[in-house]
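# Observations on chain architecture
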Amino acid sequence: MFKDVFGIEPTVSASAPGRVNLLGEHTDYNGGFVFPTPLPYQTHIEAAAAEGLEAYAENFRERKSRGLNEARQGDWLDYIAGCVWVLRRHGYAVPGLRAYIRSEVPMSGGLSSSAALEVATLRALRALYQLPLDDVRIALLAQQAEVEYVGVRCGIMDQMASSVGRLGYGLFLDTQSLQTRLAPLPQGYRVAVVDSAVPRRLAESGYNTRRSECEQACRLLGVKSLRELSPADLPRLETLPEPLNRRARHVVTENQRVLEGVQALEQGNIKRFGELMVASHRSLCDDYEVSIPELDQLVEAELRHGAVGARLTGAGFGGSTVALVEASRYEAFKQGVLQDYPRARFF
Ligand code: GLA
C-alpha cells in the first residue's frame, strides 16, 4: 500500500481496465472501426502530489524515481512519466506525482496493460490537480504519451476502450470521428480470453511495417486513409503490388465486418457475429499476415470445442485469442482446448 512505501496517506486513487478486442483489428490507425470491450481486470493507482516522479510498482516490487526532464528509459516508469510529460506539454501545471501501482491486467498478452496504466495515471492526475479533462481527452492524451514519450506507434483503440468502455458492453468506435456506441454483450455467453503463451516478440517491428504498408497503399491509391474505401473499391485494390493489395483488402473487409458484426449483435444474431470473428482471423492470417501457427492452432481448438467464434486479438505475432462461448458450455470448452493446446492460459 501507498502508506507502507511513502509513510503518508495517498490523496487520490484511480483505476482503469485492460481490454480485449472483439472485432476490428489493425483498422484503428487506418481511421476505421473497432469493437473492443473492457476486461474485468484493472490497474489501480494510489497517488499524492509531488515535485518530480516517484513510484512503486507492486507487480515488480520496485521503487523508481525520475526528474521531470529526463528521457524515457525503457521501463514501466515510462508510462507514468509519459502521462506527466504529455500534460505539461499541453500547458497543465503538473509538478509531479508520487504513486503506488498495482495491476491485475496480464502483461505482454496483448490485453492493453499499458493503456490501463496510462488511463489510470491520467485519472489520478486529473483528480489530484483538478484538471478539466473528459474521458475522450484522457484517451487521446494517453495515446500521445505512448506514441511520443514511450515510443510505441499505437492507434487509439486501447486507450479509448480503457477510458470510455463499459464492462459488459462492446464499444463500437469510429476511430476517425471518435464517435462511440455501446452495444450490450449477449446474455448467456462468455467472452473467453485465451493466451497462447507465445510472447509477442516481433510485434513492434511487424506492427510498424504494416503501418507503413498501409501508408504506401494510400499513396498509390491517392487516398488520405484506407477508411475512405468501401467494398465497392475491392477490384481497384487488385491493381496494387503484392503485398499491399492484401494489406488494403484486410482493412477494407475488416471495417465491413465490424459494421456488420455490431448490427448482428444488436439484432441478437450471435451466430453471424461468430462467423465474422472467424473471417477476421482468416483475413489477419492470409491477407495481413500477423498470425503465427500457435495462434491458428489455438483458434482452431477453440472452434472445435464449441466456440461460436474465435480469432487472434490485438496486434498479433503471439499474445492472446478471443472466443465467444455459450456460458453453459464454458467448462467443457476450457477442458477441450487445454487438451489440444496445453499451454493455453484462460482469463
Ligand atoms: C495494438 C495497438 C492498437 C491496434 C491493435 C491492432 O493493440 O495498440 O492501437 O492497432 O494493435 O488492432
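Residues numbered from 1 in each chain as written. Predicted model: local features only at pLDDT ≥ 70, side-chain atom pairs only at ≥ 80, totals over all residues. Heavy atoms only, no water.

## Here we look at the overall build of the protein
To keep things clear, this is the line we draw: Each helix is a run of H or I in the DSSP string that is no shorter than four residues. Each strand is a run of E no shorter than two, and both are numbered from the N terminus. Throughout, radius of gyration means the C-alpha value; the globule benchmark is 2.2 Å times the number of residues raised to the power 0.38. When a residue's accessible area, from a 1.4 Å probe over protein chains only, is under 20% of the maximum for its type it is buried; when over 50% it is exposed; and in between it is partly exposed. Here, two residues are considered to be in contact whenever any of their heavy atoms come within 4.5 Å of each other. Calculation of accessible area relied on Shrake-Rupley with a 1.4 Å probe; when residues are assessed, cover is drawn exclusively from the protein chains displayed. When charges are counted, Lys and Arg are positive and Asp and Glu negative, with His and the chain ends excluded. Every charge is mapped onto a representative atom, which is NZ of Lys, CZ of Arg, CG of Asp or CD of Glu.
The number of helices and strands found in the protein is 11 helices and 11 strands. Relative to a compact globule of 347 residues, whose C-alpha radius of gyration would be 20 Å, the protein shows 20 Å and is just as compact. In terms of overall dimensions, the protein has C-alpha extents of about 60 × 50 × 35 Å along its principal axes. Burial status across the protein gives 57% buried among its 347 residues. Counting only contacts in the protein whose residues sit at least 6 apart along the sequence, the fraction spanning at least 24 positions is 70%. A total of about 14600 Å² of accessible surface is found on the protein, and carbon and sulfur atoms cover 47% of it. Positive and negative side-chain charges in the protein, numbering 39 and 42 respectively, have mean positions lying 1 Å apart.

## Digging into the domain arrangement of the protein
To be explicit about the condition: The source of the domain bounds is an automatic or database domain assignment. Buried area adds together the accessible area that both of two parts lose upon being put together, with accessible area traced by a 1.4 Å probe. Each reported salt bridge corresponds to a side-chain nitrogen of Lys or Arg within 4 Å of a carboxyl oxygen of Asp or Glu. Two N or O atoms count as a polar contact when they lie within 3.5 Å, although within protein this holds only if one can serve as hydrogen donor and the other as acceptor, and sequence-adjacent residues are included solely when both atoms are side-chain atoms.
Domain boundaries assigned for the protein yield domain 1 (2-183) and domain 2 (186-346). Placing the centre of domain 1 and that of domain 2 at their C-alpha centroids yields a distance of 25 Å. Taken residue by residue, the interface counts 32 residues in domain 1 and 40 residues in domain 2. Contact with domain 2 buries area across many residues of domain 1, yet Leu23, His26 and Arg153 alone supply 24% of it, more than any other trio. The interface formed by domain 1 and domain 2 includes 4 salt bridges. One salt bridge connects Arg153 with Glu215, and the closest N-O pair in it is separated by 2.8 Å. At the junction of domain 1 and domain 2, the tally comes to 20 residue pairs in polar contact (both at pLDDT 80 or more). Listed by contribution, the elements that provide at least two residues to the side of domain 1 that touches domain 2 are strand 1 (12-23), strand 2 (33-48), strand 6 (169-174) and strand 7 (180-184). The greatest single-element share of the side of domain 1 that touches domain 2, amounting to 5 residues, is contributed by strand 1.

## What about the sheet that holds strand 11 (residues 345-346)?
Applied cut-off: Should DSSP find at least two bridges between two strands, the strands are taken to pair. Inter-axis angles, ranging from 0 to 180 degrees, are taken between N-to-C directions of lines fitted to C-alpha atoms, where helices are fitted over the stretch in contact.
With antiparallel pairing, the 4 strands of this open sheet are ordered in space as 9-10-8-11. On the outer flanks of this sheet lie strand 9 (309-312) and strand 11, each paired with one strand and no other. Across 4 bridges, strand 9 lies against strand 10 (residues 320-326) in antiparallel orientation. Bridge assignment links Gly309 to a residue of strand 10, and that residue is Leu324. Here helix 9 (residues 270-286) sits on the sheet and contacts strand 8 (189-195), strand 9 and strand 10; the angle it forms with strand 9, its principal contact strand, is near 25°.

## Quick word on the state of the cysteines
Filter applied, for reference: When the sulfur atoms of two cysteines come within 2.5 Å, that pair is taken as a disulfide.
Evaluated as defined, the whole model comprises 0 disulfides. Cysteine Cys218 is unpaired, with the sulfur of Cys214 as its nearest cysteine sulfur at 7.0 Å. Here Cys285 is not cross-linked by a disulfide; its sulfur's nearest cysteine counterpart is in Cys214, at 17 Å.

## With respect to the site of the ligand
Convention followed: When we say a residue is near a molecule or strand, we mean one of its heavy atoms is within 4 Å of it. For cavity detection a 1 Å grid was placed over the protein atoms alone, and a set of points counts as a cavity when a 1.4 Å probe fits there but cannot get out; an open set counts as a pocket when protein lies on both sides within 12 Å along at least five of seven lines, with lining residues being those that have an atom within 4 Å of a point. Think of it this way: a molecule belongs to a cavity or pocket when more than half its atoms come within 2 Å of the grid points there. Under the convention adopted here, Pro, Cys and the residues Ala, Val, Leu, Ile, Met, Phe, Trp and Tyr are nonpolar, Asp, Glu, Lys and Arg are charged, and Gly plus all remaining residues are polar.
Close contacts around the ligand come from Arg19, Glu25, His26, Asp28, Tyr29, Cys154, Gly155, Met157, Asp158, Tyr207, Gly314 and Ala315, and that covers them all. Within the side chain of Arg19, a nitrogen or oxygen atom sits 3.1 Å from an oxygen atom of the ligand. His26 is positioned with one of its backbone polar atoms (N or O) 2.7 Å from an oxygen atom of the ligand. Expressed as a share of its isolated accessible area of 310 Å², the protein-covered part of the ligand is 92%. In this structure, the ligand is accommodated by the largest pocket. Looking at side-chain class alone, the shell around the ligand contains 5 nonpolar, 3 polar and 4 charged residues. Looking at which domains feed residues into the shell around the ligand, each of domain 1 (2-183) and domain 2 (186-346) gives three or more.

## Considering the packing of helix 3 (residues 113-128) against helix 5 (residues 157-164)
Put simply, the rule is: Angles below 35 degrees are treated as roughly parallel, those above 145 as roughly antiparallel, those between 65 and 115 as roughly perpendicular, and all remaining angles as oblique. Should the near helix be turned anticlockwise from the far one by less than a right angle, the crossing is termed left-handed; should it be turned clockwise, right-handed.
Interhelical geometry of helix 3 versus helix 5 gives an angle of 50° and a closest axis separation of 9 Å. Between helix 3 and helix 5, the angle falls in the class oblique. Both helix 3 and helix 5 take part in a crossing whose hand is right-handed. Residue-level inspection shows Ala115, Ala116, Glu118, Val119 and Arg123 of helix 3 in contact with helix 5, the latter providing Asp158, Gln159, Ser162 and Ser163. Taken together, the residues that form the contact of helix 3 with helix 5 break down as 3 nonpolar, 3 polar and 3 charged.

## Quick notes on the nonpolar core
Here is the rule: Side-chain atoms within 4.5 Å are what join buried Ala, Val, Leu, Ile, Met, Phe, Trp, Tyr and Cys residues into a set we call a nonpolar core.
With 39 residues, the main nonpolar core has Leu226 and Phe333 as its most contacted residues. Going through the elements one at a time, strand 8, helix 6 (203-221), helix 8 (244-266), helix 10 (293-304), strand 9, strand 10 and helix 11 (330-340) are the ones with two or more residues in this core. For this core, the leading source of residues is helix 6, giving 5 residues. Beyond its immediate chain neighbours, meaning those up to four positions away, Phe333 contacts Ala192, Glu302, His305, Ala307, Ala323, Val325 and Phe346. If you look at the next biggest cluster of nonpolar residues, it comprises 37 residues, including Ala14, Ala124, Leu125 and Val150.

## Looking at the pairing of strand 7
Sheet topology places strand 6 next to strand 7; 5 bridges connect them, and they run antiparallel. Bridge pairing links Leu173 to Thr180 in strand 7. Connecting strand 6 to the antiparallel partner strand 7 that follows it, the hairpin turn spans 5 residues, and Leu178 within it adopts a positive phi of roughly 65°.

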